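Read off the chains here:
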2 protein chains.
Amino acid sequence: MSGKTGQGRKFNVEDALEAATLVFWNHGYEGASLAELTHAMGINPPSLYKAFGSKEDLFFSVVDHYNATHGNFMAIAFAEETSGLALMRRLLLEAADHYASASYPGGCLVISAAVTVTPANRHVADHLAKMRNDNIAAMAEALTHDLNARRIPQNTDTKAMAAFVGATLQGMSQQARDGATKEDLTRIANYAITAIGA
Amino acid sequence: MSGKTGQGRKFNVEDALEAATLVFWNHGYEGASLAELTHAMGINPPSLYKAFGSKEDLFFSVVDHYNATHGNFMAIAFAEETSGLALMRRLLLEAADHYASASYPGGCLVISAAVTVTPANRHVADHLAKMRNDNIAAMAEALTHDLNARRIPQNTDTKAMAAFVGATLQGMSQQARDGATKEDLTRIANYAITAIGA
DNA sequence: CAATTCTTGTAGTGATCGTTACACGTATGT
DNA sequence: ACATACGTGTAACGATCACTACAAGAATTG
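Small disclaimer: the values here were computed from a predicted structure and weren't measured.

**Some points on the protein's contact with DNA strand C**
- What surrounds DNA strand C is a group of 24 residues, the closest being Gln7 and Tyr49 of chain A together with Thr5, Gln7 and Lys50 of chain B.
- Considering DNA strand C, the proportion of its atoms within 4 Å of the protein that are sugar or phosphate atoms stands at 69%.
- Between DNA strand C and threonine 5 of chain B, the relevant distance is 2.7 Å, taken from a sugar or linking oxygen to a side-chain nitrogen or oxygen of the residue.
- Between DNA strand C and the protein, one listed contact pairs a phosphate oxygen with a side-chain N or O atom of asparagine 44 of chain B at 2.7 Å.

**Observations regarding the relation of the copies chain B and chain A**
- The two copies are related by a screw operation: chain B maps onto chain A through 180 degrees of rotation and 0.0 Å of translation along the axis, at an RMSD of 0.0 Å. Expressed as a symmetry operation, the mapping of one chain copy onto the other fits a two-fold axis.
- When the interface residues of chain B are mapped onto chain A, 100% of them are again interface residues, pointing to one common binding face.

**Quick notes on helix α4 (residues 55–68) of chain A**
Residue and element names in this part refer to chain A.
- Here α4 spans 20 Å end to end across 14 residues, near enough to the 20 Å set by a 1.5 Å rise per residue.
- When α4 is considered as a whole, its buried residues turn out to be Lys55, Leu58, Phe59, Phe60, Val62, Val63, His65 and Tyr66.
- In this structure, the buried residues of α4 make contact with α1 (13–31), α2 (34–41), α3 (45–52), α5 (72–80), α7 (109–112) and α8 (122–148).

**So, the interface of chain B and chain A**
- Contact residues are listed per partner, giving 40 residues for chain B and 40 residues for chain A.
- Between chain B and chain A the total buried area reaches about 3200 Å² when both faces are included, carbon and sulfur atoms providing 53% of it.
- Along the contact surface separating chain B from chain A lie 4 salt bridges.
- Our count for the chain B to chain A interface comes out at 10 residue pairs in polar contact (both at pLDDT 80 or more).
- Of all elements in the fold, only α1 (13–31), α7 (109–112), α8 (122–148), α9 (158–177) and α10 (182–196) of chain B reach the threshold of two or more residues within the side of chain B that touches chain A.
- Take the side of chain B that touches chain A: its biggest share by element is 12 residues, from α9 of chain B.

**What about empty space enclosed by the protein?**
- Enumeration over the complete set of coordinates arrives at 2 cavities of 30 Å³ or more.
- By volume, the largest cavity is sized at about 130 Å³.
- What lines the largest cavity is a set of 14 residues, among which Val115 and Gln174 of chain A together with Ile111, Val115 and Gln174 of chain B lie closest to the centre.
- Mapped by element, the contributors of at least two residues to the lining of the largest cavity are α7 and α9 (158–177) of chain A together with α7 and α9 of chain B.
- The class makeup of the residues in the lining of the largest cavity is 4 nonpolar, 9 polar and 1 charged.

**Thoughts on the pattern of salt bridges**
- This structure, assessed with the given rule, holds 16 salt bridges over all chains.
- The partner of arginine 90 of chain A in a salt bridge is glutamate 94 of chain A, with the nearest N and O atoms 3.2 Å apart. Separated by 4 residues within a single helix, arginine 90 of chain A and glutamate 94 of chain A lie in helix α6 (residues 84–99), roughly one turn from each other.
- For glutamate 94 of chain A, a relative accessible area of 26% gives the class partly exposed.
- For arginine 90 of chain B, the salt bridge is made with glutamate 81 of chain B, and the minimal N-O distance between the two is 2.9 Å.

**Focus on unusual backbone geometry**
- Even without being a glycine, arginine 150 of chain A presents a positive backbone phi close to 60 degrees.
- Tracing the sequence through the fold places arginine 150 of chain A in the loop between α8 and α9.

**A word on the packing of aromatic side chains**
- Counted by the stated rule, this structure contains 17 aromatic pairs over all chains.
- Relative to tyrosine 29 of chain B, the ring of phenylalanine 24 of chain B lies with its centre 6.1 Å away and its plane at 20 degrees, an arrangement referred to as stacked.
- Ring plane angle 75 degrees and centroid distance 6.4 Å describe the contact between phenylalanine 73 of chain B and tyrosine 99 of chain B, whose orientation is recorded as edge-to-face. Note that phenylalanine 73 of chain B is positioned in helix α5 (residues 72–80) and tyrosine 99 of chain B in helix α6 (residues 84–99), a separation of 26 residues in sequence.
- Since its relative accessible area comes to 6%, phenylalanine 73 of chain B is described here as buried.
- Classification of tyrosine 99 of chain B by relative accessible area gives buried; the value is 2%.
- Ring-pair connections join several aromatic residues into one group, and the members of that group are Phe24, Tyr29, Phe59 and Phe60 of chain A.
- Sitting over the ring of tyrosine 29 of chain A, lysine 55 of chain A keeps its end group 4.9 Å from the ring centre.

**Here's the deal with the protein's contact with DNA strand D**
- Taken together, 24 residues are adjacent to DNA strand D, and Lys50 of chain A together with Gln7, Leu34, Tyr49 and Lys55 of chain B come closest.
- Each atom of DNA strand D within 4 Å of the protein was assigned to sugar, phosphate or base; sugar and phosphate come to 68%.
- Side-chain polar atom of tyrosine 49 of chain B to a phosphate oxygen of DNA strand D: 2.5 Å apart, as the coordinates give it.
- Counting only elements with at least two residues in the surface near DNA strand D, the list comes to α3 of chain A together with α3 (45–52) of chain B.

Parameters and conventions
- Within any chain, residue numbers begin from 1 and follow the written order of that chain's sequence.
- Both sets of labels track the order of writing: A upward for chains, 1 upward for ligands.
- Per-residue local features are limited, in this predicted model, to residues with pLDDT of at least 70; the limit for side-chain atom pairs, both in listing and counting, is 80 or more; totals at the level of whole chains, interfaces and linings are taken over all residues.
- Hydrogens and water molecules were not included; the side-chain quantities draw on all heavy atoms of the structure.
- Summary of the distance rule: residues count as near a molecule or strand when at least one heavy atom falls within 4 Å of that molecule or strand.
- In protein, a polar contact requires one atom able to donate a hydrogen and another able to accept it; more generally it is a pair of N or O atoms within 3.5 Å, and residues adjacent in sequence count only if both atoms are side-chain atoms.
- Alignment of the copies relies on least squares applied to C-alpha atoms, considering only residues that score at least 70 for pLDDT in both.
- We call two residues contacting when some pair of their heavy atoms lies within 4.5 Å.
- Secondary structure elements follow DSSP: runs of H or I of four or more residues count as helices, runs of E of two or more count as strands, with numbering from the N terminus.
- Working rule for helices: expected span equals 1.5 Å times residues minus one.
- Each residue gets one of three labels from its accessible area relative to the maximum for its type: buried under 20%, exposed over 50%, partly exposed in between, using a 1.4 Å probe on protein chains only.
- Defined in terms of a 1.4 Å probe, buried area is the accessible area two parts forfeit on being brought together, summed over both.
- For salt bridges, the criterion is a side-chain nitrogen of Lys or Arg within 4 Å of an Asp or Glu carboxyl oxygen.
- Here the term cavity refers to a set of points on a 1 Å grid, laid over the protein atoms alone, in which a 1.4 Å probe fits but cannot get out; the term pocket refers to an open set having protein on both sides within 12 Å along at least five of seven lines, with lining residues being those that place an atom within 4 Å of a point.
- Grid points are joined across faces, edges and corners, and a volume is the space filled by probe spheres set on the points.
- Amino acids outside the nonpolar list (Ala, Val, Leu, Ile, Met, Phe, Trp, Tyr, Cys, Pro) and the charged list (Asp, Glu, Lys, Arg) are all regarded as polar, and Gly is one of them.
- Aromatic pairs are defined between Phe, Tyr and Trp rings, using the six-membered ring for Trp, whenever the two ring centres lie within 6.5 Å; interplanar angles under 30 degrees are classed as stacked, those over 60 as edge-to-face, and all others as tilted.
- Only when the NZ atom of a Lys or the CZ atom of an Arg is both within 6 Å of the ring centre and within 35 degrees of the ring normal do we say a charge sits over the ring.

Take a look at the structure:
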């Protein structure tokens, strides 16, 4: 299928994806123009469209790339922690570290890149909203394991607790973008940790 | 100065402002086009520019209008509550009511209308960020009154507590946009209330 | 009525949006 | 070397962006 003839791609796809990630992370889906994207990626529009399909396709590739790199602390924590409460605690504290990084845009790309959009791009925002809600549902599931193992009070509303942790994370993301430091975010995280008894 | 001659304005400024508010609230600053704004306001571009100056000027007028109407529960709570802790509690519970309203866009306009923007509109996003930070600073000040009156533990970090409440409110706003119900938000609020002992 | 003044609707401005047609350059396959 | 295949850069596409020039309409003033 893929022939061996032709000029061959002149740029590294991973590098271009990382460059695009920083642009989308900074300015959001609609706030990132093709002109800025291609400039940051060091390529011209036809190369972008050849390699990634469209701006929207590129964005979702970027989201995957983000989740596999800058945002992978979440997936790692989910995989490594056996206790739901310990997972919540770890997510909150590590988010405080990552969201206020000095060398990258503030906050979480999934949380901030498509909050409000043009009606035509509503489905892009909905896609990220679903990822956020799925993440909270996964947190609730982890807490339900604690409940079934009688590690937390039997009257615990695990979905509500997960939603609370998710809301705290989302608020921490915005405050990181608003200038909060790691220490600021850690103090917020610790309040949440206290609230859930983790 | 303002002559009594001429055609006179044919539309009601408050009504137009309210219509524009709903559009900006739904789609954000950049996600709201002039075409959609003028259509919702029932006027044509020249009337909009004559009455409000520019899209940016209109947006800031909308923010003022929002704070004076849909979002005024905040200012009212600040004015009425004497205890900082009671103020935090009230803000959280009332936000749960307002952010998930069925008849209006979800969340808070100040929190969601300009999260990520084009570089050219960065200052608009910064303006809203400042409003959010100022609000948190005002919450911290109210808590400091509690501290000075020895109503809360003397080792309380009032700025951190205010930042935590602010983060929770911001997270609640996003979850409201993501589909959360009043009940969902109230459960989140109650976790935060527990955390700060209000 | 005529003159003045302000707002309105129509219709456009230049700029930028995401996207692509096309020809050139550069590689491989025979 | 020749033919073929693929990515590349240039330059443009129509659509939409925020915004406005302009003239007609509608009110008050003399």
